[in-house]
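# Observations on the three-dimensional arrangement
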Amino acid sequence: MRFDRPSFGLKLAAIGGLAFLHLPILLIFLYAFTTEERTYAFPPPGLTTQWFAVAWNRADIWPPLYLSLRVAAISTALAMVLGTLVAGAMAQARFFGREQISLLIILPIALPGVITGMSLRSAFAIMEIPFSTWTIVLGHATFCIVIVYNNAVARLRRLSGAITEASADLGANAFQTFRHVLLPNLGSALLAGGMLAFALSFDEVIVTTFTAGQQSTLPIWMLNELVRPRQRPVTNVVAMVVFVVTFVPILLAYYLTRGGADTAGGGK
Amino acid sequence: MTAFLPVRGPGDRLTRLFWQRPALLLGLMLAPPLLWLGLVYLGSLAALLVQSFYAIDEFSGLVVPEFTLKTYAELFRAQNLDILMRTLLMSASVTLGCAVLAFPIAWYAARHARGAWKAAFYLGVMLPLWSSYLVKVYAWKLILAKEGIIGWAAGATGTTPILEAVLAVPGIGGNSLSTSYIGTWMVFVYVWLPYMILPMQAALERVPASMLEASADLGATRGQTFRNVVLPLAMPGVIAGSIFTFSLTMGDYIIPQIIGTSARFIGQAVYQLQGTAGNLPLAAAFAVVPILVMLVYLALARRAGAFDAL
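All figures in this text were calculated on a predicted structure; none of them were measured in a lab.

About the cut-offs
- Residues numbered from 1 in each chain as written.
- Chains lettered and ligands numbered in written order.
- Predicted model: local features only at pLDDT ≥ 70, side-chain atom pairs only at ≥ 80, totals over all residues.
- Heavy atoms only, no water.
- Helix = DSSP H or I, 4+ residues; strand = E, 2+ residues; numbered from the N terminus.
- Buried < 20%, exposed > 50% of the residue type's maximum accessible area, 1.4 Å probe, protein only.
- Contact = heavy atoms within 4.5 Å.
- Areas by Shrake-Rupley, 256 points an atom, 1.4 Å probe, with all protein chains shown as cover.
- Phe/Tyr/Trp six-rings, centres within 6.5 Å; stacked < 30°, edge-to-face > 60°.
- Lys NZ or Arg CZ within 6 Å of the ring centre and 35° of its normal.
- Patch = residues over 30% accessible without salt bridge, like charges linked within 9 Å, V, L, I, M, F, W, Y side chains within 5 Å.
- Salt bridge = Lys/Arg side-chain N within 4 Å of Asp/Glu carboxyl O.
- Buried area = accessible area lost by both parts, 1.4 Å probe.
- Nonpolar A, V, L, I, M, F, W, Y, C, P; charged D, E, K, R; others polar.
- pLDDT = per-residue confidence, 0-100.
- Core = buried A, V, L, I, M, F, W, Y, C linked by side-chain atoms within 4.5 Å.

Counting its regular elements, chain A contains 11 helices and zero strands. Helices and strands in chain A line up, N terminus first, as α-α-α-α-α-α-α-α-α-α-α. Oriented by its inertia axes, the alpha-carbon framework of chain A measures out at about 70 × 65 × 35 Å. Put simply, chain A has 268 residues, and 52% of those count as buried. The contacts in chain A between residues at least 6 apart in sequence include a share of 72% that link residues at least 24 apart. As displayed, chain A has an accessible area near 11,800 Å², and 64% of this comes from carbon and sulfur atoms.

Structure below.
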């Protein structure tokens, strides 16, 4: 009876499971080069790079891309400020209602996106707020706060309270302590949180469909192409772009925080 | 400190104030995020509740802003009950599928992977977790299409009859994998699998090796050790993971829209009712159901100790 050495079956199941998580994404890349534009025939009858040029020249792709980037940038900035503030407060003191606040922060990602989306949609309807970039940002910033918060609070917990006291003893005021002591220590965790938040926002579609009205972000554009396809390989090219724009920040976030107990990305 | 150092400006004066009243600093830090979450999020949830107690006027199609339970009564119509039952069944079977598939990966990552392999497993689970949801769903549309890679592989290996037999199963089969419940289920399992692996791995990492050795010393077989030692200790992790897989499946409307039959799930009902149908109250009432289900689920999970594994 040995538990120290994995059986062949276990190894196969584990590595097979990991492969199962990754192989489908590779297919997206393959189909971006296919010459067949009407069906998803496998194997592709021929390979071509023409779809990259076609996608580049499609005028309907650029406005959604800009909108997605704008929304992700604003939401990330808002979430970084709000998430850091609440993490700082939660790390420094125990106070009445602390548990409730931590539940409130997690709720937007713990409940299904359709509820967040439908709630915002109801609120816009009742208050007669017209759809705009800002209605999308309202939703995105809300569920991005928790991402920044998670990263910041994990780092703050590891940080010794003594360093802020030492800073105060040496004559620094609260703002100087924040600028010269806390920020350098928090920096990489905040950056990692920001990148994950950006990736999450750039890719979000469920909440967005409820808060966008007639506007189209890149994921909404993709969704429309999935339902009513035309020039299917172009959708694959866009999917590759979306994949890369979310993949790079996630990888960076991992490298910024790896090796610690607070490695980014442990929860979403 | 202010007894020794001269005050140099407003920054110092504020610092002194914060020092004297720590609650002031705390309040200032908490106010913006709490205002945001309170107004935007809780406010919207309240709006959802309010909306669900309104009803739509059958003749004009306009929302009548008066309190009524009529909309909730509509949830109990046969066709709407079908939607609720279908969604709950799918959520449960997706959770089960995820738990079975996740276990070997989590077990291997927690107990056998070391050094570079450990990092590879972590990244290998985390990247799919964070990478684009829509791209993953799209990938499965390519895979499950009738002319796609599964059909091709079945043809190449001569297993087409098996595939057809699976698709012929009444109730869950269909024309092709991309238009059947089996297909919907596969995509759900794939997309939410990482959410199950991570908490499960965390729980398994806390199982002491000495317990497994003790179990073996006492003469238990692998199967007995698994049933009586590993499974009870891993359970909080499984339940924690199931919170995500269950909740995410229940609220999703994109996967069943793109891959599956024309039968609707809760998410789709909400989306269509608020959009083309213009029936905001009924959409809101449908959205309240997953909230209630999750509240019960979370209460049960808390009792089972799942929150220690999160």
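Still more to cover.
Check the secondary structure of chain B and you find 14 helices and two strands. When the backbone C-alpha atoms are referred to their principal axes, chain B occupies close to 85 × 75 × 35 Å. Counting across all 310 residues of chain B, residues that qualify as buried make up 52%.

The next subject is the packing of aromatic side chains. According to the stated counting rule, one finds 26 aromatic pairs over all chains in the structure shown. Taking the centre distance of 5.9 Å and the plane angle of 70° together, the rings of A:Phe20 and B:Trp140 count as edge-to-face. Highlighted residues: A:Phe20 in helix α1 (residues 8–31) and B:Trp140 in helix α6 (residues 133–144), drawn from two different chains. Using a relative accessible area of 26% as the deciding quantity, one classes A:Phe20 as partly exposed. Between the aromatic rings of A:Phe243 and A:Phe247, the centroid separation amounts to 5.1 Å while the plane-to-plane angle is 25°, which identifies the pairing as stacked. Of this pair, A:Phe243 and A:Phe247 both sit in helix α11 (residues 232–257), four residues apart, which is roughly one turn of the helix. According to the relative accessible area criterion, A:Phe243 is buried, its value standing at 11%. Taken together through their ring pairs, the aromatic side chains of B:Tyr133, B:Trp192, B:Tyr195 and B:Phe244 make up a single cluster. A cation over an aromatic ring shows up here: B:Arg111 above the ring of B:Trp107, its NZ or CZ 5.5 Å from the ring centre.

Turning next to the environment of A:Phe124. Residues and elements named next belong to chain A. As for its position among the elements, Phe 124 is in helix α5 (residues 113–127). Put simply, Phe 124 and Leu 12 are 112 residues apart on the chain and 51 Å apart in space, counted from C-alpha to C-alpha. Contact partners of Phe 124, with chain neighbours within four places excluded, come to Ile 129, Phe 131, Thr 135, Leu 138 and Thr 211.

As a further point, take the side chain of A:His140. By the secondary structure assignment, A:His140 is in helix α6 (residues 133–158). Once residues lying within four places of it in the same chain are set aside, the contact partners of A:His140 are A:Val71, A:Ser75, A:Ser201, A:Glu204 and A:Thr208.

Another aspect to go through is a nonpolar patch on the surface. A cluster of nonpolar residues, A:Phe175, B:Leu14, B:Leu17, B:Leu24 and B:Leu28, forms a patch on the protein surface that exposes about 410 Å² of accessible area. The set of elements that each furnish at least two residues to the nonpolar patch consists of α1 (10–20) and α2 (22–52) of chain B. Tracing the backbone shows B:Leu17 in helix α1.

The next thing to look at is the pattern of salt bridges. All names here are of chain B. The full count for this structure, using the stated rule, is five salt bridges over all chains. Of the charged contacts, one joins Arg 77 and Glu 74 as a salt bridge, the two residues approaching to 4.0 Å between their closest N and O atoms. The exposure class of Arg 77 is partly exposed, given its relative accessible area of 46%. On the basis of relative accessibility, which here comes to 18%, the residue Glu 74 falls in the buried class. A salt bridge links Glu 205 to Lys 118; its shortest N-O distance comes to 2.8 Å. One end of the pair, Glu 205, is in helix α9 (residues 181–205); the other, Lys 118, is in helix α5 (residues 116–130), and 87 residues separate them in sequence.

For the rest of this paragraph, the subject is the interface of chain A and chain B. The interface of chain A with chain B comprises 95 residues on the first partner and 92 residues on the second. Interface area for chain A against chain B, summed over the two sides, is near 8,600 Å², with a carbon-plus-sulfur share of 78%. Inspection of the region where chain A meets chain B yields zero salt bridges. The leading source of residues in the side of chain A that touches chain B is α1(A), at 15 residues. Looking at the side of chain A that touches chain B residue by residue, the classes come out as 67 nonpolar, 20 polar and eight charged.

A few words on unusual backbone geometry. Positive phi is not limited to glycine here, since A:Glu128 has a value of about 55°. Tracing the sequence through the fold places A:Glu128 in the loop between α5 and α6.

This paragraph deals with the confidence of the model for chain A. Residues at a pLDDT of 70 or more form 95% of chain A, whose mean pLDDT is 84. Mean pLDDT across the elements of chain A bottoms out in helix α4 (residues 98–110) of chain A (81) and peaks in helix α3 (residues 62–92) of chain A (91).

Turning to the confidence of the model for chain B, a few remarks are in order. Summary statistics for chain B give a mean pLDDT of 86 and a share of 96% for residues scoring 70 or more. Across chain B, element-level confidence peaks in helix α4 (residues 78–111) of chain B with a mean pLDDT of 92 and bottoms out in α1(B) with 80.

One finds B:Tyr133 and B:Phe286 to be the most contacted residues of the largest nonpolar core, which totals 176 residues. At 15 residues, the largest contribution of residues to this core is made by α9(B). Beyond its immediate sequence surroundings of up to four residues, B:Tyr133 is in contact with A:Asp203, A:Val205, A:Ile206, B:Val191, B:Trp192, B:Asp252, B:Ile254 and B:Ile255.

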